[in-house]
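# Topology and contacts: notes
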Amino acid sequence: TDDDMFSNVFCENSKKLVDVHLFALAAQYYSLSNLGVSTPLEDLLEALRGDKQGSTGIKTDEFMNNKKSHEVQVMSELVDNIATYCGINQVIDIGSGKGYLSSFLSMQYNLKVYGIDSSNTTTNGAHERNRKLNKHWRAYQSRARANIESQRLEEANDRPAQTEMNCKDINEKLLNKTVSLQCQDQVTLQDLIPSSDFTEISTSETSKETETDLVAQTQSDESKLSEEVLAILSVLPADAVEIFSSSQYTCRELCEEEKEQRKMASLKAKASKSSESSLYFPLTSCITAQTDLSDIITDLEDCMMVGLHTCGNLAANTLRIFTAKPEIKAVCSVSCCYHLLSEQFENQEAVPFLHFADCLEEVWGFPMCQYLKDKCWCCGRNARMTACLALERVAVGQMLPIESLFCRAVLQVIIEEIYGVTKSDRHVGKIFSKSSSFIDYVRKSLKKLELDDSKLPDSCIMDYYEKYKHRMDELEAFNMLKVVLAPCIEVLILLDRLCYLKEQDNIAWSGLVKLFDPVKSPRCYAVIALKKQSCF
């Protein structure tokens, strides 16, 4: 069993780590990439597109940094495919920030996008950025078209003469697709949707690893996805996507007047399409689980919700709004900042018994699914901070900022021993990079924490630094172990959200999809879900 396999990682009596190599193997074993519950992005796109090919658009690195360009390029293509499949044109971007994703979805894919952010300053910045982007958009489009045409010419010159073989392959694919669609008509919704009752779990299994329990509940749902290419999506209505046919146009001769009329109509259509490509509306509002989007968006219609690195509880609230609001047909959410999540059972001991029932009525960021709630599961802030670390970046040589971590650790010792402070609602923030020395760092930090630094001479500060300097290597080793463990904690949080979606009756399909290169964008997994056909 898994428990026997990794039973020697820690000492049975002292609970101390005794086998680092086995610890690393166990961490890898319980990472999302190894558990087999995620859906390949290629499979999802293939299922959404059907026989259609993806379009090549403008490269976002024209006006974004490398990281943001990668994220927006990949996610916008997926969002457009989901929107097309569901037959919707409105997108709600939660935590839209500067509007990178929102503006690109609007301009590149002609989607009507409402970007909602809690910061009015950020919203104003998004307005200004979108104005400038609109100004240069046609130049970007012209350059992109030229690049695409050049690429097509190169491919045409390099393409071998396989026309006859390709035609045969296409005919076979079309025949198979027709047979498949005919068979789908005879399949009921219940046949297509795997059963997943996460609340009926035997109490005898509570001794097993929590992540393994969650995976066991989702494994039967997800294991068939790569082979069947998400056949579940076929439950959506056949008329969800508007079909354009060239047969509606006749080939008769047109008189000069009618030709001119059609020319003018074409120009108007292009002008209308051009104006629609700017349908991006940045809004300022704080989103909670109780938010009614109709109060913010007056013309709310059938739509989908998206979020590119929604922070803390915002990711959980996005999923709750999605399940509760009938107009929202799909969701695609990539989260971040796990350390800012609120936890229902984190301070349970500190809550008086009489007020515990009231505490249960609050909406928390973690846990979401009933299974972990029944276990009163808690990660704690240290574990959530660890989940934010980037193993893949460290693996390619982007090492941890050990010096700043060391200075922060020594600072904490100073604060506890000199000032007697063990907990504070204030945060030091990113002061290290702005400090000229350790002494400067300590004094700036104390002022930010509103602690009197006048009673602390420079010599005393340096004494603390010298006292712990020899333990810097120890600190580095400790943080490297945290990095190795990071994916395990992240997968627990992500599986909790996936299980929450599996518990809902109105969801046709839900899954975890790796969207981004984790070196470029460490928080790379998206929680994606589509509602049942009856919800359309």
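Everything discussed here concerns the structure shown above.
Residues numbered from 1 in each chain as written. Predicted model: local features only at pLDDT ≥ 70, side-chain atom pairs only at ≥ 80, totals over all residues. Heavy atoms only, no water.

## Focus: the overall build of the chain
Each helix and strand counted, the chain has 22 helices and eight strands in total. Here the chain holds 536 residues, and 43% of them are scored as buried. Here the analysis covers contacts within the chain between residues at least 6 apart in sequence; of these, 76% occur between residues at least 24 apart. Carbon together with sulfur atoms contributes 50% to the accessible area of the chain, which is approximately 29,800 Å² in total. (Helix = DSSP H or I, 4+ residues; strand = E, 2+ residues; numbered from the N terminus. Buried < 20%, exposed > 50% of the residue type's maximum accessible area, 1.4 Å probe, protein only. Contact = heavy atoms within 4.5 Å. Areas by Shrake-Rupley, 256 points an atom, 1.4 Å probe, with all protein chains shown as cover.)

## Points about the sheet that holds strand β1 (residues 38-39)
Spatially, β1-β7-β8-β6-β5-β2-β3-β4 is the arrangement adopted by the eight strands of the open sheet, whose pairing is mixed. Looking along the sheet, the strands with just one partner apiece sit at the ends: β1 and β4 (280-284). Where strand β6 (residues 328-336) lies against strand β8 (residues 525-531), five bridges are found, and the strand directions are antiparallel. Within the sheet, the bridge partner assigned to A330 lies in β8 and is L530. Packed onto the sheet, helix α5 (residues 66-86) meets β2 (90-94), β5 (303-311), β6 and β8 and runs at close to 160° relative to β5. Helix α14 (residues 313-324) rests against β2, β5, β6, β7 (507-514) and β8 of the sheet, and its axis sits at about 170° to β6. (Pairing = 2+ DSSP bridges. Axes fitted to C-alpha atoms, helices over the stretch in contact; angles between N-to-C directions.)

## Considering the pattern of salt bridges
Counted according to the given criterion, the structure contains 14 salt bridges. Across the salt bridge formed by E71 and K68, the nearest N and O atoms sit 3.4 Å from each other. Placement of the pair is E71 and K68 together in helix α5, with a separation of three residues, close to one helical turn. The burial state of E71 is the same as that of K68; both residues are buried. Residues E490 and R523 are paired through a salt bridge, measuring 3.0 Å at the closest nitrogen-oxygen approach. Taken together, the residues E490 in helix α22 (residues 472-502) and R523 in the loop between β7 and β8 connect sequence positions 33 residues apart. Each of the salt bridges in this network shares a partner with another, and the network as a whole consists of K67, K68 and E71. (Salt bridge = Lys/Arg side-chain N within 4 Å of Asp/Glu carboxyl O.)

## Some remarks on the packing of helix α19 (residues 402-419) against helix α20 (residues 438-448)
Two numbers describe how α19 lies on α20: the axes approach to 11 Å, and their chain directions differ by 55°. Classed by the angle they form, the pair α19 and α20 counts as oblique. Viewed along their axes, α19 and α20 form a crossing whose handedness is right-handed. Facing α19, whose interface residues are C407, R408, V410, L411, I414, I415 and Y419, α20 presents F438, Y441, V442, S445 and L446. Of the residues in the contact of α19 with α20, the class split is 10 nonpolar, one polar and one charged. (Parallel < 35°, antiparallel > 145°, perpendicular 65-115°, else oblique. Left-handed = near helix turned anticlockwise from the far one by under 90°. Nonpolar A, V, L, I, M, F, W, Y, C, P; charged D, E, K, R; others polar.)

## Section: the nonpolar core
By size, the foremost hydrophobic cluster in this structure holds 90 residues, and its most contacted members are M75, L78, M304, L515 and I528. Ranked by residues supplied to this core, first place goes to α22 with 11 residues. Grouped together as the second largest cluster of nonpolar side chains are 23 residues, F406, C407, V413 and L456 included. (Core = buried A, V, L, I, M, F, W, Y, C linked by side-chain atoms within 4.5 Å.)

## A short note on the packing of aromatic side chains
For the structure on display, the rule yields 10 aromatic pairs. Considering the side-chain rings of Y29 and Y30, the 4.9 Å spacing of their centres and the 85° angle between planes classify their relative orientation as edge-to-face. Here the basic side chain of K531 rests over the ring of F322, its NZ or CZ set 4.9 Å away from the ring centre. (Phe/Tyr/Trp six-rings, centres within 6.5 Å; stacked < 30°, edge-to-face > 60°. Lys NZ or Arg CZ within 6 Å of the ring centre and 35° of its normal.)

## Section: helix α6 (residues 100-109)
Along an α-helix, residues three or four positions apart point the same way, because every turn accommodates 3.6 residues. The element α6 is extensively covered by neighbouring structure, given that eight of its 10 residues are classed as buried. Of all the residues in α6, the buried ones are L101, S102, S103, F104, L105, S106, M107 and Y109. At the exit of α6 stands N110, carrying a positive phi of roughly 55°.

## Here's the deal with the pairing of β7
Most of β7 is tucked away, with seven of its eight residues classed as buried. Bridge count for β1 against β7 is two bridges, and the pairing is parallel. Its bridge partner lying in β7, S38 is registered against L512. Here seven bridges tie β7 to β8, and the two strands are oriented antiparallel to one another. Paired with G511 across the bridge in β8 is I528.

## A look at the side chain of R384
Note that R384 resides in helix α17 (residues 381-387). Residue R384 is classed as buried on the basis of its relative accessible area of 4%. One polar contact links R384 to E343, side chain to side chain, over a distance of 2.5 Å. A polar contact of 3.3 Å, which involves the side chain of R384, links it to the side chain of E346. Contact partners of R384, with chain neighbours within four places excluded, come to Y338, H339, L341, E343, E346 and C379. (Polar contact = N/O pair within 3.5 Å; in protein donor to acceptor, adjacent residues only side chain to side chain.)

## Considerations on α14
Its 12 residues give α14 an end-to-end C-alpha distance of 17 Å, which sits within 8% of 16 Å, the value for a rise of 1.5 Å per residue. For α14, a buried count of 10 out of 12 residues is recorded, marking the element as mostly surrounded by other parts of the structure. Listing the buried residues of α14 in full gives L314, A315, A316, N317, T318, L319, R320, I321, F322 and T323. (Expected span 1.5 Å × (residues − 1).)

## Concerning unusual backbone geometry
The omega torsion across F366 and P367 is -5°, close enough to zero to call that bond cis. Backbone geometry at K15 places phi at a positive 65°, although glycine is not the residue there. Mapped onto the elements of the fold, K15 is located in the loop between α1 (2-5) and α2 (20-29). By relative accessible area, which is 59% here, K15 ends up exposed. In this model, C376 sits at a positive phi of 50°, which is unusual for a non-glycine residue. With respect to the helices and strands, C376 occurs in the loop between α16 (370-374) and α17.

By themselves, these observations are geometric and do not establish any function.
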